[in-house]
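Observations on the three-dimensional arrangement
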Amino acid sequence: PKHGKAVAKFVGEAEKLTESKIDWDKLTVSPKRLGVAIPVTRQELFNSEGVVESVIKAEMPQAIVDKINDALFATDKAGRVVYGPFATAGEEGGCIKQTFAGAVPTRKELLKMKATVAKAGISTSTCCFVMTETMKAELEDVKVDSGSGRFLCENDRILGFPVFCTDVIGDGNIGFGDWGYQAAGFFGAMNFVVDPYSLSLEDSTRFVLNTDFATLTLRPEAFVLGVKAGA
């Protein structure tokens, strides 16, 4: 469920209150199938003494994680059926888009990103920054001032907020927001099948992992995407 705000009023002693209504709505999601299939020969399985199978069982769920991250942190929705808040940055109904003056943002520009989210009534206590490792390294070399020896990014934090790094967001881009407002979940259990039959003519076995996943931005104003100048 999704709802608006209740409204309080000042009234006199014994004066009757006018009832306040909370507007209710709901958000719906459409789960999408997400899966990975890997065929291997019987020789690969048995000659590796279980190593190949253990690698497959580790890599397949990690592939699901990587694909979800690819969807959640993407900055465009072209060709995507699942995407996160930054894919609609600058669009009507999407999160706010902020352009930096240069290739690397200043401390003031990062503070503006925080203020943009806070101004929308979002508590910033559980927010975080999202950027590439390259951008994080740049900010680790930006001095806060000339005398303290402090840098803009220290101990994986900027302005006190944690930093999550991913190449998906793209060079020069920085996201900020409260991910509690990005609902995400799996629908039903993951289905893992080891199929030694359908590829029997090739003397091979197919490993298949399927699941259903959906995500939805509850409040676009809880996020802001900063992009480098000229992007």
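Preceding block: the structure.
Figured I'd write up the structure that's included with this text.

**Considering the overall build of the protein chain**
Scanning the protein chain from terminus to terminus reveals 4 helices and 13 strands. Relative to its full complement of 231 residues, the protein chain shows a buried share of 32%. Within the protein chain, residue pairs in contact and separated by at least 24 positions form 70% of the contacts whose partners lie at least 6 positions apart. Taken together, the 26 basic and 30 acidic charged side chains of the protein chain have centroids lying 7 Å from each other.

**Topic: the layout of surface pockets**
Considering only enclosed or pocket space, the largest pocket measures out at about 290 Å³ in volume. Along its surface, the largest pocket is lined by 19 residues, and Val81, Tyr83, Thr215, Leu216 and Thr217 are the ones closest to its centre. The element best represented in the lining of the largest pocket is strand S12 (residues 204–217), accounting for 4 residues.

**Some words on the packing of aromatic side chains**
The relation between two aromatic rings is expressed through the spacing of the ring centres and the mutual angle of the planes. In the structure shown here, the tally under the stated rule is 10 aromatic pairs. With centroids separated by 5.1 Å and ring planes inclined at 75°, the aromatic side chains of phenylalanine 73 and tryptophan 179 adopt a geometry described as edge-to-face. Of this pair, phenylalanine 73 sits in the loop between helix H2 (51–72) and strand S4 (96–99) while tryptophan 179 is found in the loop between strand S9 (174–177) and strand S10 (182–186), placing the two residues 106 residues apart along the sequence. For phenylalanine 73, a relative accessible area of 7% gives the class buried. Ring plane angle 90° and centroid distance 6.2 Å describe the contact between phenylalanine 86 and phenylalanine 223, whose orientation is recorded as edge-to-face. Note that phenylalanine 86 is positioned in the loop between H2 and S4 and phenylalanine 223 in strand S13 (residues 223–227), a separation of 137 residues in sequence. Across this residue pair, the class does not change: phenylalanine 86 and phenylalanine 223 are buried. By way of ring pairs, the aromatic residues Phe73, Phe86, Phe164, Trp179 and Phe223 are connected into one cluster. Positioned above the aromatic ring of tyrosine 181 is the side chain of arginine 219, whose terminal nitrogen or guanidinium carbon lies 5.6 Å from the ring centre.

**Brief notes about a negative patch on the surface**
Taken together, the side chains of Glu133, Glu138, Glu140, Asp141, Asp167 and Asp171 define an acidic patch exposed on the protein surface. Structurally, glutamate 133 is set in helix H4 (residues 133–139).

**Brief notes about unusual backbone geometry**
One non-glycine residue, aspartate 156, lies in the positive phi region at around 60°. Within the secondary structure layout, aspartate 156 lies in the loop between strand S6 (153–154) and strand S7 (157–158). Since its relative accessible area comes to 41%, aspartate 156 is described here as partly exposed.

**Let's talk about helix H3 (residues 107–119)**
Given a rise of 1.5 Å per residue, 13 residues ought to cover 18 Å, and the 18 Å separating the end C-alpha atoms of H3 matches this to within 8%. Residues Glu109, Leu110, Met113, Thr116 and Val117 constitute the buried set of H3. When H3 is viewed along its axis, its buried side chains cluster within an angular range of 110° and face the same direction. In H3, those exposed residues whose orientation departs by more than 90 degrees from the buried face are Lys108, Lys112 and Lys119. Positive phi appears at glycine 121, one or two residues downstream of H3, with a value of about 90°.

**Focus on the environment of alanine 103**
With respect to the helices, strands and loops of the structure, alanine 103 is situated in the loop between S4 and H3. Classification of alanine 103 by relative accessible area gives exposed; the value is 54%. Taking the C-alpha atoms as reference points, alanine 103 and threonine 88, 15 residues apart in sequence, are found 22 Å from one another. Leaving out residues up to four positions away in the same chain, alanine 103 has contacts with Met135 and Lys228.

**Considerations on the sheet that holds S4**
Backbone-to-backbone hydrogen bonds join strands into a sheet, with any given pair of strands oriented parallel or antiparallel. Reading across the sheet, the 7 strands line up as S4-S13-S9-S5-S8-S7-S6 and stay open at both edges, with mixed pairing between neighbours. Taken across any chain shown, the strands that pair with only one partner, and hence form the sheet edges, are S4 and S6. As judged from the 3 bridges shared by strand S5 (residues 128–131) and strand S8 (residues 161–165), these two strands associate in the parallel manner. Opposite valine 130, over in S8, you have phenylalanine 164 as the bridge partner.

Rules behind the numbers
Residues numbered from 1 in each chain as written. Predicted model: local features only at pLDDT ≥ 70, side-chain atom pairs only at ≥ 80, totals over all residues. Heavy atoms only, no water. Helix = DSSP H or I, 4+ residues; strand = E, 2+ residues; numbered from the N terminus. Buried < 20%, exposed > 50% of the residue type's maximum accessible area, 1.4 Å probe, protein only. Contact = heavy atoms within 4.5 Å. Lys, Arg positive; Asp, Glu negative; His and termini not counted. Charge placed at Lys NZ, Arg CZ, Asp CG, Glu CD. 1 Å grid on protein atoms, 1.4 Å probe; cavity = no way out; pocket = protein on both sides within 12 Å on 5 of 7 lines; lining within 4 Å. Points joined across faces, edges and corners; volume = space filled by probe spheres on them. Phe/Tyr/Trp six-rings, centres within 6.5 Å; stacked < 30°, edge-to-face > 60°. Lys NZ or Arg CZ within 6 Å of the ring centre and 35° of its normal. Patch = residues over 30% accessible without salt bridge, like charges linked within 9 Å, V, L, I, M, F, W, Y side chains within 5 Å. Areas by Shrake-Rupley, 256 points an atom, 1.4 Å probe, with all protein chains shown as cover. Salt bridge = Lys/Arg side-chain N within 4 Å of Asp/Glu carboxyl O. Expected span 1.5 Å × (residues − 1). Arc of directions from axis to C-beta. Pairing = 2+ DSSP bridges.

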